[in-house]
2 protein chains.
Amino acid sequence: MVRITGKRISESTIHRLSLYYRLLKVLQDEGYETVSSKDLADREKLTPAQVRKDLSFFGQFGTRGLGYPVTELRQQIAEIIGINKKWNVALVGIGNVGSALVSYKEFQKQGFHIKLIFDNDQRKIGSFHKGIEVHDVVNLRQMLNKYNIEIVIVAVPGAAAQGVVNEVVAAGVNAILSFAPTNLRVPSHVTLRSENMAIEMEHLTFHLTNENLYYTA
Amino acid sequence: MVRITGKRISESTIHRLSLYYRLLKVLQDEGYETVSSKDLADREKLTPAQVRKDLSFFGQFGTRGLGYPVTELRQQIAEIIGINKKWNVALVGIGNVGSALVSYKEFQKQGFHIKLIFDNDQRKIGSFHKGIEVHDVVNLRQMLNKYNIEIVIVAVPGAAAQGVVNEVVAAGVNAILSFAPTNLRVPSHVTLRSENMAIEMEHLTFHLTNENLYYTA
DNA sequence: CCTAACTTGTGAAGTTGTTCACAATTTAAA
DNA sequence: TTTAAATTGTGAACAACTTCACAAGTTAGG
């Protein structure tokens, strides 16, 4: 939980800010100059109060009677989220998932620049992916420092993940996105997000398995 | 929200069940026969009460004074989540993300069998990935039915995603995992999970941008 | 300039999710 | 067999999150 001028901001609110940011782009493209909390809410299946409350944590962006200025609000949210600047990103593990990430167009668009790629496979080290050379993971800590990497994406097998994370943390990087299907430990000052596709699938199977109870219970 | 014998189960609880399931595998491998809620909690950075409450929604699995039987609990959770059986899965879109998913070993292990692959690119249609033929997406609805597909993974560009989802829903599939960076609409009886890696990155940048406030505010 | 229609921002109320606290039960040791 | 230590299961208390409801401000039309 983060505090902004004494208010607690939940991860849910942060997530919705990202949704608003994307939606405002759509509205911009559709030619809207202002938008009401009701419009935003309808398109995201939220309540207008939720939208207003989320934004209210960060300031007053709207005009009563009129709504929010689309372009300006989008810019403000970009600043809040921190995507009004470029970020130096490194990728560890250039297997299936890593390769997909290097080619992921959304990343470039959003200012996430993958500057370095690492792997421990000698056959991959020295090769290039989208113009980026693959380095030996033994040089991880040193190179993260040298290139001022701020975010590391970990896409290595589960067994290797904690070791990589430890090196990343030791290098002073405070933000990690992991695709390893493992529980990872980081100090409290480091932000870690874990994506696990198998767990996402299990949400689906839970609902498929139990939805009948939803109606019959 | 799902109800089991009148109790409401949150998505957070479902998520934690997946974590317990994986942790119990580790404990099994480490040779434990029983485990306490405290042990489970410590390893997942949760409270023992949280663990016990989560499990209590589904029954009484422990023995007072002793804890939970590792192997048996794992099996019970598998049944609750619905991963004690094989699921027929189809993948739509065999680009970077789709290719990574086809090769994702966790899926096979968990009983998620990708039976069909679809794409709209004539150069890809007819080719094989991990032994699975790529079909023309125009045959999507018909083939989902024919092969009794229960879960569809959507890994197509944002602009195409809603169209694909509509076909999938029309085919009677009730569970969708999407990697498209778009807002998708599904009827309420369909479960949709959306993964958006750019949004995950934005959680990180939010924290990197605002964590100073955490300490100074 | 006045009024009607809108819409924000926010304290308060309501809802959902987490943690507490303890009775009930089991085990193990004396 | 008794007692001490451990641990579950769960109602109640607490905390976090969402929605309500309305005062305050803005716009547009007459």
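Residues numbered from 1 in each chain as written. Chains lettered and ligands numbered in written order. Predicted model: local features only at pLDDT ≥ 70, side-chain atom pairs only at ≥ 80, totals over all residues. Heavy atoms only, no water.

With that settled, the discussion passes to the protein's contact with DNA strand C. Close to DNA strand C lie 26 residues; Ser37(A), Arg52(A), Arg64(A), Tyr68(A) and Arg64(B) are nearest. Of all DNA strand C atoms lying within 4 Å of any protein atom, the proportion belonging to sugar or phosphate reaches 64%. Within the side chain of Tyr68(A), an N or O atom sits 2.8 Å from a phosphate oxygen of DNA strand C. Looking at the surface near DNA strand C, the elements that each hand over two or more residues are helix H3 (48-56) of chain A together with helix H3 (48-56) of chain B. (Near = heavy atom within 4 Å. Polar contact = N/O pair within 3.5 Å; in protein donor to acceptor, adjacent residues only side chain to side chain. Helix = DSSP H or I, 4+ residues; strand = E, 2+ residues; numbered from the N terminus.)

All names here are of chain A. Where helix H1 (residues 11-29) meets helix H2 (residues 37-44), the axes come as close as 11 Å, and the angle between the chain directions of the two elements is 105 degrees. Judged by the inter-axis angle, H1 sits roughly perpendicular to H2. Contacts between H1 and H2 pair Leu-19, Leu-23, Leu-24, Val-26 and Leu-27 from the former with Leu-40, Arg-43 and Glu-44 from the latter. Each residue belonging to the contact of H1 with H2 can be placed in one class, and the counts come to six nonpolar, no polar and two charged. (Axes fitted to C-alpha atoms, helices over the stretch in contact; angles between N-to-C directions. Parallel < 35°, antiparallel > 145°, perpendicular 65-115°, else oblique. Contact = heavy atoms within 4.5 Å. Nonpolar A, V, L, I, M, F, W, Y, C, P; charged D, E, K, R; others polar.)

A few words on the packing of aromatic side chains. Enumeration over the complete set of coordinates arrives at six aromatic pairs over all chains. Look at Tyr104(B) and Phe107(B): their rings are 5.0 Å apart centre to centre, the planes differ by 85 degrees, and that puts the pair in the edge-to-face class. Taken individually, Tyr104(B) and Phe107(B) each receive the classification buried, so the pair is uniform in this respect. Summarising the aromatic geometry, the rings of Phe107(B) and Phe112(B) are spaced 5.9 Å apart at their centres and angled 75 degrees between planes, so their arrangement reads as edge-to-face. In this structure Phe112(B) comes out as buried when scored by relative accessible area, which is 1%. Through successive ring pairs, a cluster of aromatic residues spans Tyr104(A), Phe107(A) and Phe112(A). (Phe/Tyr/Trp six-rings, centres within 6.5 Å; stacked < 30°, edge-to-face > 60°. Buried < 20%, exposed > 50% of the residue type's maximum accessible area, 1.4 Å probe, protein only.)

Take the domain arrangement of chain A next. Segmentation of chain A into domains returns domain 1 (2-81) and domain 2 (87-199). Between the C-alpha centres of domain 1 of chain A and domain 2 of chain A there is a distance of 31 Å. (Domains from an automatic or database assignment.)

Looking at where Lys146(A) falls in the secondary structure, it is placed in helix H7 (residues 140-146). For the pair Lys146(A) and Asn166(A), spaced 20 residues apart in sequence, the C-alpha separation works out to 18 Å.

With that out of the way, let us pick up the protein's contact with DNA strand D. In the vicinity of DNA strand D there are 25 residues, among which Arg64(A), Gly65(A), Ser37(B), Arg52(B) and Arg64(B) approach most closely. Counting only the atoms of DNA strand D within 4 Å of the protein, the fraction contributed by sugar and phosphate is 63%. Within the contact set of DNA strand D, a sugar or linking oxygen lies 2.7 Å away from a backbone nitrogen or oxygen of Arg64(A). Here Gly65(B) contributes a backbone N or O atom positioned 3.1 Å from a base oxygen of DNA strand D. When contributions to the surface near DNA strand D are tallied by element, the ones reaching two or more residues are H3 of chain A together with H3 of chain B. A per-element tally of the surface near DNA strand D places H3(A) first, with four residues. When grouped by side-chain class, the residues that make up the surface near DNA strand D number five nonpolar, 13 polar and seven charged.

Residues and elements named next belong to chain B. Here helix H2 (residues 37-44) has its buried residues at Ser-37, Leu-40, Ala-41 and Glu-44. Down the axis of H2, the buried side of the element spans an arc of 100 degrees, and every buried residue falls inside it. On its buried face, H2 is in contact with helix H1 (11-29), strand S3 (34-35), H3 and strand S4 (68-69). At the exit of H2 stands Lys-45, carrying a positive phi of roughly 55 degrees. (Arc of directions from axis to C-beta.)

Here the focus is the pairing of strand S6 (residues 112-119) of chain A. All names here are of chain A. By the criterion of burial, S6 is predominantly enclosed, with six of the eight residues buried. Where strand S5 (residues 87-92) and S6 come together, six bridges link them in parallel fashion. Looking at the pairing, Val-89 lines up with Ile-114 of S6. (Pairing = 2+ DSSP bridges.)

For side chains bearing opposite charge, pairing can occur when the charged atoms are close. Taken as a whole and assessed by the stated rule, the structure comprises 24 salt bridges over all chains. Close ionic contact of Lys25(A) with Asp29(A) constitutes a salt bridge, the shortest N to O distance being 2.9 Å. Within this pair, Lys25(A) and its partner Asp29(A) are both found in helix H1, separated by four residues, close to a single helical turn. Looking at Lys25(A), the relative accessible area reads 34%, which means it is partly exposed. Residue classification places Asp29(A) among the exposed positions, given a relative accessible area of 55%. A single network of salt bridges, built from pairs that share partners, joins Glu11(A), Arg193(A) and Glu200(B). (Salt bridge = Lys/Arg side-chain N within 4 Å of Asp/Glu carboxyl O.)

Our focus in this paragraph is the relation of the copies chain B and chain A. With an RMSD of 0.0 Å, chain B superimposes on chain A once it is rotated by 180 degrees and translated 0.0 Å along the axis. In symmetry terms, the pair is related by a two-fold rotation axis. For chain B, the smallest separation between a C-alpha atom and the rotation axis is recorded for Ala100(B), amounting to 3.3 Å. Mapped onto chain A, 100% of the interface residues of chain B are again interface residues, and the two copies thus contact each other with one and the same surface. (Least-squares fit on C-alpha atoms with pLDDT ≥ 70 in both.)

Before going further, it helps to examine the interface of chain B and chain A. In this assembly, 72 residues from chain B lie in contact with 72 residues from chain A. Taking both partners together, chain B and chain A bury about 6,600 Å²; carbon and sulfur atoms supply 63% of that area. Area buried by chain B at its contact with chain A is led by Met201(B), Glu202(B) and Phe206(B), which between them contribute 11% of it. Run the count over chain B and chain A and you get 26 residue pairs in polar contact (both at pLDDT 80 or more). Counting residues per element, the side of chain B that touches chain A draws most heavily on helix H9 (residues 197-216) of chain B, which supplies 18 residues. (Buried area = accessible area lost by both parts, 1.4 Å probe.)

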